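Observations on chain architecture
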Amino acid sequence: MTSKFTMDEPQPRLLDETGQGVIGTPMDRTDGPKKVSGTAEYSGDHSVEGMAHGVLVRATISRGKVRSMDTDAVKSIEGVIDVITDPRLIRNPAQGMAGEAPVQPGDEVHYHGQPIALVVAESFEAARDGAQRLVVDYEVEEAASAPDETPDTEVSDPVTAGDFDAVWSSAEVKVDRNYTTPSQVAAAMEPHAALAEWSGDTVTLRSSLQMIRFNKAELADSLGIDPSKVRILAPFVGGGFGSKLGLGPEAVAAAVAAQKLGRPVRVVMPRQTVFDAILRRSETAQRVRFGAGKDGRITAISHDDRVSNVDGEGFAEPVSQASQFIYGADGLSFTQTLARIAATPTGSVRAPGEAVGMLAFEAGVDELADTLGVDPLQLRLENLPDKHPMDGRDYSTRRLADCLRDGAERFGWSDRGPAGSKRDGDWLIGMGMASAARANMLIQSAARVRLTGDKAIVETDMTDIGTGTYTILAQITAEMLGLRPDQVEVRLGDSDLPGASGSGGSFGASSAGSATFLAARKLREQIAEKLGCSEDDLTLQGGRARGDNHESALSELITEEIVGEASIEAGKTAESHFSAGFGAHFAEVAVNEWTGEVRVRRMLGVMSIGRILNEKTARSQALGGMIWGIGAALTEEMESDRRDGHIVTRDLANYHVPVHADVPGDMQVVFLEERDDWANPIQSKGVGELGISGAGAAVINAIAHATGHRVYDYPCHPDRVL
Ligand code: MOS
């Protein structure tokens, strides 16, 4: 088998050919015992001799300037060491754009909740006391904190294919709807935390971060020092979902304070600060238009959106990303409006774009099916394009039709019946479905594998944010070297190790996994040379190496350490092809006819994600995404006070993520076999974000089927449902 993956190097040997059967198996996470026994040390768990505690002071105006702060009063509090007001601290890192230089230096306030100072004390309690009592004098400016109140908007040029206006105006059947989705927060289980320690002119930062190769550059830039003077450690990260892609204000503050005071400083954010001062997902307003012939062929697709961010930030939620490649039409058009407001900066939150864009887009397809009087599953199946509708590229692999059909069969879609036709006592029962789609990416990534005897060590600055990186990289290395996974030690989360993609955009496992695969392959070449055969003729199995003439135990052959190091470049996916994960979500809901309460009774996601690297961790990712989908459809909503933009729902008691009682016991995930030869040398695709993309729409469409009418403003509260 040859790989179509394009590389400057010789075609890589595929994992298939090693024959170990480790890759893909549903292995338990190797870090699991450490996590559940509390011995995995997170950033906020770590403490060092002489450490001081910092608590961020946050602005209480939406826009203006800090005129003065009464720092003397706070410094007189027992235990308070200092109040740090260094302008570098106030700079707001561009958290949504890993690798980009932070913006907004100085004394300006751009949003309510923006960090403006750090109170440092001998104890966390004293620091918190000081932070609460610091009196700040502001010069207040007027600023809109809601997108519909600001005249300051930037409208993109439309992204088009064909002549949308012409096909739209002549379409026989039309759906034209406006939707809104609220702001959302990543709410990772581990709050943001950082511990900075200087040694001479070098700073070591322990912080909860997703992409430490990039974060290292960001910290160097924020502090105005050379990146070689920065080391970042993040061996365990308790979730990120985008909120830890970029360096947060707690890290810069800890580093600035530690340098000034000449002692280590730790800053751990309380949950409310995470809501205020860490990026959020933008609220959206979306207009979705579908035009079709009476025969059920979609002719026109348009998805226009409005999102927001603070001044100077480059990120804009890519709402219509998947709308541009799922269905075909003669004319397609997509426009984005970015409103500049004084509110917590927006950035990447799990599946930026698809997570909220598909809530509206896939509800629109469903409504088109109703309008045409056809089955929504059938409408989708009949409108899948042969090629990427915007640029004509071939899809790499796309089993969307198989996922739709397989899911329908498993879920019992044919028993669905007409809208409003089923009930169970006071509960109206409905079934809904949606396509799932999420673009697949590859990011530059390096790894080193060292082998002594039959023990291997993988080294990369990749992170494991709870997704299974430790386990997957051990599986790939074991597969390539003919070892058991427990003979492979994986070292992650240290910026002194070869720089990896980090965890984000669902590219982590494929990118870092490809680098590890290539590094292990270099070891195979060295082993073959020692054995006097070519790598093609080498078999590594059960800790033994076998060539055409010789055979040896690795423990006897590799008596001195050998090292393989390799890197995979970003964007090496063949340009002729477009790679994305696809799937289908199905949901059954019960809606109480008196209260409007919605209960999800069961859900099924059928997905195709290239080669599965670990069936268990992949399933967990898919399930987690689908649960986010339930939240987006029913409860999740970050609300702000329009007067000053301050976030009202700023803890997990007020911001409602689904709890166990909201998640049905019957949640199924099925993966359809697939290898993506165009995506990367290990033929895998991302899965983390595919689970959420479209999942909420399946719930929303099920509600419409149960009640017979549609909701256009999400989440679907009881008051909106009836
Ligand atoms: Mo993801 S939102 O790129 O961590």
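This one's a predicted model, so the numbers in the text were calculated from it and none came from an experiment.

1. Observations concerning the overall build of the protein
Counting its regular elements, the protein contains 17 helices and 30 strands. For the protein, whose C-alpha radius of gyration is 26 Å, the value lies close to the compact-globule estimate of 27 Å for 722 residues. If you line up the protein on its principal axes, its C-alpha atoms span 80 × 70 × 50 Å. For the protein, the share of sequence-separated contacts (at least 6 apart) that also reach a separation of at least 24 residues comes to 81%.

2. Remarks on the domain arrangement of the protein
The domain architecture assigned to the protein consists of domain 1 (18-40 + 442-568), domain 2 (48-143 + 189-239 + 244-277) and domain 3 (284-441 + 575-721). For domain 2 and domain 3, the distance between their C-alpha centroids amounts to 36 Å. At the junction of the two partners, domain 2 supplies 21 residues and domain 3 supplies 20 residues. By residue class, the composition of the side of domain 2 that touches domain 3 is 8 nonpolar, 9 polar and 4 charged.

3. Thoughts on the nonpolar core
One broad trend across soluble globular proteins is that nonpolar side chains are buried collectively. If you look at the biggest cluster of nonpolar residues, it comprises 149 residues, and the most contacted ones within it are V589, V699 and I703. No fewer than three residues from each of domain 1 (18-40 + 442-568) and domain 3 (284-441 + 575-721) sit in this core. Those residues in contact with V589 that sit more than four places away from it in its chain are G430, V598, R599, V600, R601, V699, A702, I703 and A706.

4. Remarks on helix α7 (residues 249-261)
For α7, spanning 13 residues, the distance from its first C-alpha to its last is 18 Å, which sits close to the expected 18 Å at 1.5 Å a residue. Burial in α7 covers these residues: P249, E250, A251, V252, A253, A254, A255, V256, A257, A258 and Q259. Looking one or two places after α7, you find G262, whose phi comes out positive at around 70 degrees.

5. Section: helix α11 (residues 400-411)
Over its 12 residues, α11 extends 16 Å from the first C-alpha to the last, a length consistent with the 16 Å expected when each residue adds 1.5 Å. Those residues of α11 lying buried are L400, C403, L404, G407, A408 and F411. Down the axis of α11, the smallest arc covering the buried residues is 125 degrees, so these residues share one side. Next to the buried residues of α11 lie α10 (376-382), β19 (427-439), β28 (580-592) and β29 (598-608).

6. Focus on unusual backbone geometry
In this structure, the amide linkage connecting Y714 to the following residue, P715, adopts the cis form with an omega of 0 degrees. Inspection of the secondary structure assignment puts P715 in the loop between α16 (695-707) and α17 (718-721). Residues other than glycine seldom take positive phi values, yet S506 does so here, at roughly 60 degrees. Summarising the element assignment, S506 is placed in the loop between β22 (488-491) and α13 (508-531). At Q683, a position not held by glycine, the phi torsion is positive, near 65 degrees.

7. Here we look at the environment of H550
Structurally, H550 can be placed in the loop between β24 (544-546) and β25 (551-553). Its 12 C-beta neighbours within 10 Å are what place H550 among the exposed residues. The sequence separation of H550 and C533 amounts to 17 residues, and the corresponding C-alpha distance is 8.4 Å. Setting aside its immediate chain neighbours within four residues, H550 contacts L531 and G532.

8. Focus: the pairing of strand β14 (residues 284-292)
On a regular strand, each side chain points to the face opposite its neighbour's, so the side chains alternate between the two faces of the sheet. For β14, a buried count of 7 out of 9 residues is recorded, marking the element as mostly surrounded by other parts of the structure. Of the pairings in the sheet, the one linking strand β9 (residues 173-181) to β14 comprises 9 bridges and is antiparallel in character. Residue K174 lies in a different strand from β14, and its bridge partner there is G291. Across 8 bridges, the pairing between β14 and strand β15 (residues 298-309) is antiparallel. Across the sheet, F290 pairs through a bridge with I301, a residue of β15.

9. Some words on the sheet that holds strand β6 (residues 136-140)
Strand order in the open sheet formed by 3 strands is β4-β2-β6, and the pairing between neighbours is antiparallel. The outermost strands of the open sheet, each flanked by one partner alone, are β4 (108-109) and β6. Judged from the 2 bridges that link them, strand β2 (residues 64-69) and β4 form a sheet pairing that is antiparallel. Paired with K65 across the two strands is E108, which belongs to β4.

10. Topic: the packing of helix α15 (residues 615-634) against α16
Viewed as axis vectors pointing N to C, α15 and α16 meet at an angle of 45 degrees, and their least axial separation amounts to 7 Å. Considering the angle they form, α15 stands oblique to α16. Both α15 and α16 take part in a crossing whose hand is right-handed. Of the residues in α16, those touching α15 at G625, M626, G629, I630, A632, A633 and L634 are A695, G696, V699 and I700.

11. Some details on the sheet that holds β22
The strands that make up a sheet are held in pairs by hydrogen bonds between backbone atoms, and each pair lies either parallel or antiparallel. Ordered in space as β22-β21-β20-β26, the 4 strands form an open sheet in which the pairing is mixed. Edge positions in the sheet fall to β22 and β26 (562-568), since each has one partner strand and no second. With direction set aside, neighbouring strand axes in the sheet form an average angle of 15 degrees. Against the sheet, helix α12 (residues 469-481) touches β20 (445-452), β21 (455-459) and β22, its axis set at about 140 degrees to β22. The strands touched by α13 are β20, β21 and β26; relative to β26, the strand with the most contacts, the crossing angle is about 140 degrees.

12. Let's talk about the pairing of β15
Across the 12 residues of β15, 12 count as buried, placing the element largely inside the fold. The turn joining β14 and β15, which pair antiparallel and follow one another in sequence, is formed by 5 residues; a positive phi near 90 degrees is taken by G296. In this structure, β15 lies alongside strand β16 (residues 331-340), joined through 10 bridges in parallel fashion. Looking at the pairing, D305 lines up with Q336 of β16.

13. A short note on the environment of G499
Its place among the elements puts G499 in the loop between β22 and α13. Other than its neighbours up to four places away in sequence, G499 contacts R213, A446 and D461.

What counts, and where the lines are drawn
Residues numbered from 1 in each chain as written. Predicted model: local features only at pLDDT ≥ 70, side-chain atom pairs only at ≥ 80, totals over all residues. Helix = DSSP H or I, 4+ residues; strand = E, 2+ residues; numbered from the N terminus. Rg over C-alpha atoms; globule rule 2.2 N^0.38 Å. Contact = placed C-beta atoms within 7 Å. Domains from an automatic or database assignment. Nonpolar A, V, L, I, M, F, W, Y, C, P; charged D, E, K, R; others polar. Core = buried A, V, L, I, M, F, W, Y, C linked by C-beta atoms within 7 Å. Buried ≥ 20, exposed ≤ 12 C-beta atoms within 10 Å, placed from the backbone. Expected span 1.5 Å × (residues − 1). Arc of directions from axis to C-beta. Pairing = 2+ DSSP bridges. Axes fitted to C-alpha atoms, helices over the stretch in contact; angles between N-to-C directions. Parallel < 35°, antiparallel > 145°, perpendicular 65-115°, else oblique. Left-handed = near helix turned anticlockwise from the far one by under 90°.

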